[in-house]
Amino acid sequence: MMPADDGSSERLLVERLRAGDEGAAEDLLRLYGPRLLAVARRMLRNDEDAQDALHDAFLSAFRALRTFRGECRLSTWLHRITVNAALMKMRSRRRRRETPIEDLLPVYLEDGHHVTRFQAWTDAERALDHAETRAAVRAAIDELPESYRTVLLMRDIEELDTDTVAGLLGVTPNAVKIRLHRARQALATLLRPVLGPEAGASGYASASPPQRGPSR
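Residues numbered from 1 in each chain as written. Predicted model: local features only at pLDDT ≥ 70, side-chain atom pairs only at ≥ 80, totals over all residues. Heavy atoms only, no water.

(A) The overall build of the protein, seen in detail. Regarding its fold elements, the protein presents 9 helices and 0 strands. Looking at the protein as a whole, 45% of its 216 residues are labelled buried. Looking at the protein alone, contacts between residues at least 24 apart form 74% of all its contacts between residues at least 6 apart. Of the roughly 11,500 Å² of accessible surface on the protein, a fraction of 49% belongs to carbon and sulfur atoms. (Helix = DSSP H or I, 4+ residues; strand = E, 2+ residues; numbered from the N terminus. Buried < 20%, exposed > 50% of the residue type's maximum accessible area, 1.4 Å probe, protein only. Contact = heavy atoms within 4.5 Å. Areas by Shrake-Rupley, 256 points an atom, 1.4 Å probe, with all protein chains shown as cover.)

Right, here's the structure in full:
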C-alpha cells in the first residue's frame, strides 16, 4: 500500500524536492517506487516495459513538481502519472493479435435468456487477492482485448473514477462504462471453465483485500 498519514509528511517531501534536497528524490523513489512499479506491471505485463514506464513517470513527476498544488494526495498524483506513462508505453509498442470482445461475451437464446447461467464479474480486485483464484484471474484479464483490459484495470484494480479514466484514454465517460461492462462480462466468460458457473463477484464476497489503489 501507499504510505498513509495526515498528508504532512507528503507536504514536507514536496517542499524538500522543490528546494533541491538531494536525499528527497531517493526518499520519493523508496516510498513510492515499489507500489508504482506494481501498477505499471499490472498494466503492461512485462517487467522491462514496467520499469521503463516507471522511469518515465518519475521524470514526468519531477518536471511537473512545481505545478503540483496539493489538491490531491502526492500518492494519488504519482499514481495517475504512472498510469498515464503505462498507457503511453502501451500505445508505442506493437499490438498483439487479440480475440474480439464479441467472442468472449455471453450468448443469448431467442427468448433473451443466457445460454448458460451468467453473472457478470464485478470484483476482480477481491479475486486477485484470493490465493486460489489469483492466477486464474490474472491469466483471464490478460486475455481481454487491450482496450477493455485497460479500462477494467484502471477502474476495478487501480480504482480510478470514470471521468479520470475517460480523460486519460481520450474517450467519453459513457464509453468507459460500456467497455467496463463488456470487460466484466468477458472476464466472467473466460473464468467460467476454471471456476464454474458461479464465476463472479458473489463467490468472493468474503474476501477482504488491501486497498489496491493509492490512498485517497
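So that's the structure; there's more coming.
(B) Representation of helix H1 (residues 8-18) in the model. Taken residue by residue, H1 has Glu10, Leu13, Val14 and Leu17 as its buried positions. Buried residues of H1, seen end-on, are gathered within an arc of 100 degrees and therefore sit on one face of the element. The exposed set on the far side of H1, more than 90 degrees from its buried face, consists of Arg11 and Glu15. Its buried side turned inward, H1 meets helix H2 (22-44), helix H3 (47-64) and helix H4 (74-92). Downstream of H1 by a residue or two, glycine 20 has a phi angle that is positive, lying close to 80 degrees. (Arc of directions from axis to C-beta.)

(C) Highlighting the pattern of salt bridges. As enumerated under the stated definition, the model contains 8 salt bridges in all. Across the pair aspartate 27 and arginine 16 runs a salt bridge whose closest N-O atoms are separated by 2.9 Å. Placement of aspartate 27 in helix H2 and of arginine 16 in helix H1 is noted, with a sequence separation of 11 residues between them. Among the ionic pairs, aspartate 52 bridges to lysine 89, the shortest N-O distance being 3.3 Å. A residue pair is termed long-range when its members are at least 10 positions apart, and aspartate 52 in helix H3 and lysine 89 in helix H4 qualify at 37 residues. With relative accessibility at 33%, the residue aspartate 52 sits in the partly exposed group. (Salt bridge = Lys/Arg side-chain N within 4 Å of Asp/Glu carboxyl O.)

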